[in-house]
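# Chain and residue survey
Each chain, written out:
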Amino acid sequence: MNKYNFETVKSRYKKGSAKWDEMERVNPNVSKNVIPFSVADMEIMTAPEIVNALKEFLDNEILGYASASDSYKEAVCGWLRRRHNWTIEDDWICNTHGVVDAFYTAIKSYTSEGEGVMLMTPVYYPMYRAIDANKRVLVENKLKPVGNTYEIDFEDFEAKAKDENTKLLILCSPHNPCGRVWTKDELIKIGEICLANNVIVVSDEIHFDFVSPGYCHTVFATLSKDFEQNCLVLTAPSKTFNIAGLQTSNIIIPNAMLREKFIAELKTTSVNPKCNILGYEACKAAYNECDEWLEQLKALIEKNRQTIVDFFAKEFPQIKVYDLQGTYLLWMDFGALGIECHELEKILHMEAEVFFDEGYIFGECGEEFERWNLACPNKYIVEALVRIKKALNKHI
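Cut-offs used in this document
Counting restarts for each chain: residues are numbered from 1 in the order of the written sequence. Owing to the predicted nature of the model, reporting of local features is limited to residues with pLDDT of at least 70; listing and counting of side-chain atom pairs is limited to 80 or more, with chain, interface and lining totals taken over all residues. Think of the side-chain values as coming from all heavy atoms in the structure, minus any hydrogens and water. Strands are runs of DSSP state E lasting at least 2 residues, helices are runs of H or I lasting at least 4, and numbering of each runs from the N terminus. Throughout, the radius of gyration refers to the C-alpha atoms, and the reference size of a globule is 2.2 Å times the residue count to the power 0.38. Only protein chains enter the accessibility calculation, which uses a 1.4 Å probe. A residue is then buried if its area is under 20% of the maximum for its type, exposed if over 50%, and partly exposed in between. Contacts were defined at the residue level, with two residues in contact if any of their heavy atoms lie within 4.5 Å. Per-residue accessibility takes into account occlusion by the displayed protein chains alone, with areas from the Shrake-Rupley method and a 1.4 Å probe. Neither His nor the chain ends is counted toward charge; the positive residues are Lys and Arg and the negative residues Asp and Glu. Where a charge sits is defined by one atom per residue type, namely NZ (Lys), CZ (Arg), CG (Asp) or CD (Glu). Nonpolar cores are built from buried Ala, Val, Leu, Ile, Met, Phe, Trp, Tyr and Cys residues. Side-chain atoms within 4.5 Å join them into one set. The directions from the helix axis to the C-beta atoms form the arc being described. A pair of strands is labelled paired if DSSP reports no fewer than 2 bridges between them. Axes, fitted as lines to C-alpha atoms, cover a helix only where it is in contact. Angles between the N-to-C directions of the axes lie from 0 to 180 degrees.

A word on the overall build of the protein. Helix and strand counts for the protein come out as 14 helices and 13 strands. On C-alpha atoms alone, the protein measures out to a radius of gyration of 21 Å, which is about the 21 Å that the 2.2 N^0.38 rule sets for 396 residues. When its C-alpha atoms are laid out on the principal axes, the protein stretches across 60 × 55 × 35 Å. Counting every position in the protein, which comprises 396 residues, the buried fraction comes to 57%. Pairs at least 24 apart in sequence give 73% of the contacts found in the protein among residues at least 6 apart. In the form shown here, the protein has an accessible surface area of approximately 17000 Å², with 48% of it arising from carbon and sulfur atoms. Across the protein, 44 positive and 59 negative side-chain charges occur, with their mean positions spaced 3 Å apart.

Structure representation (structure tokens):
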């Protein structure tokens, strides 16, 4: 029996929730018992250990200027050591308000205008924006669909890494939206190619706490000391514990020179870059007290995944559901239905009242795909599947 409440959903209409506001904007007549499955923001109540820690802090402390405390750093180091087999020094930790901020900063720190930044596509859409906004050049390494998963085109990857204009790789690990957990061999090959061609690796591992049964995530920096000195590892409690609103990310930079450049760039936009005091406290509570909450949540996500896989296998076998090795975001190919992607989006929004992240936002090779956020009570998954069946049967 679950110790935690994973059944209650709080309506977030008119409460500043980006994805709920977007759902209502797209379909103003959406039923009030419908939840969105889009942005990677859970419809799960906050872990009580985090809530209680924040209440205690508010009852007893002052909300003054914040610095990363020793106890906060110990919690981050402990989580990485205990859950990810990586022992770090606490002075490797830099803080940003989010991992998106971190790869914007990394691009500006280690590349110049006109230089190339490689992405393995389709991929998390803010990465494209970071390249474009900073007037860098997108170097696209398209992942190869193989069966119900994706593989890296290493021939193309190496050729593009050898281009002297390619300076940086943003590695999404586990991969969003494809759901891949890269193997050690794949990561070693990535690392060796990047080292040989002086390409710095920015490894976005924000989803590293969500790995499906039978798979194992490897932190890129743990594979060799040389890799460790040629990378940044972007982590945060925000996805794992759904506390993104507290804007606290832990950017681990073992190489002192890379770290100094990163901090110097941060200070060009913020003279004294720090996170907020409640973010530090929430992170500390999450990493010290919430292992059990996380394990029970992962079991729910696996149940939701299986519910969807079983449904589509029976009702719409032409819809390909990709293997979910990591993250809580399920990647699905609707292309065989023969419905143009924007028309499919309209059907789902207006008829099925189902709100995913559309595949096309992850790049051209994501067209006709949908990404489903599984972090919610199972009953909402079941209800959405009923609506999807009714709506799609009118069109195919």
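Turning next to the nonpolar core. Counting 138 residues, the largest nonpolar core has I190, L232, W293, F312 and W372 as its most contacted members. With eight residues, the top contributor of residues to this core is helix α12 (residues 291-315). Residues in contact with F312, not counting those within four places in the same chain, are P317, I319, V321, M332, F334, W372 and L385.

Glancing now at helix α1 (residues 18-26). Listed as buried for α1 are K19, W20, M23 and E24. Along the axis of α1, the buried residues cluster in a sector spanning 135 degrees; they form a single face. For α1, the exposed residues set more than 90 degrees away from the buried face come down to A18 and R25. Looking at the buried residues of α1, the elements they touch are β13 (369-373).

What follows is about the sheet that holds strand β8 (residues 231-235). If you walk across this open sheet you meet the seven strands as β1-β9-β8-β7-β6-β2-β3, and the pairing is mixed. Single-partner strands in this sheet number two, and they are β1 (93-96) and β3 (137-142). Taking the axes of each pair of neighbouring strands and ignoring which way they run, one obtains an average angle of 25 degrees across the sheet. In this structure, strand β7 (residues 200-204) lies alongside β8, joined through four bridges in parallel fashion. Each residue of the ladder has a partner; that of D204, found in β8, is L234.

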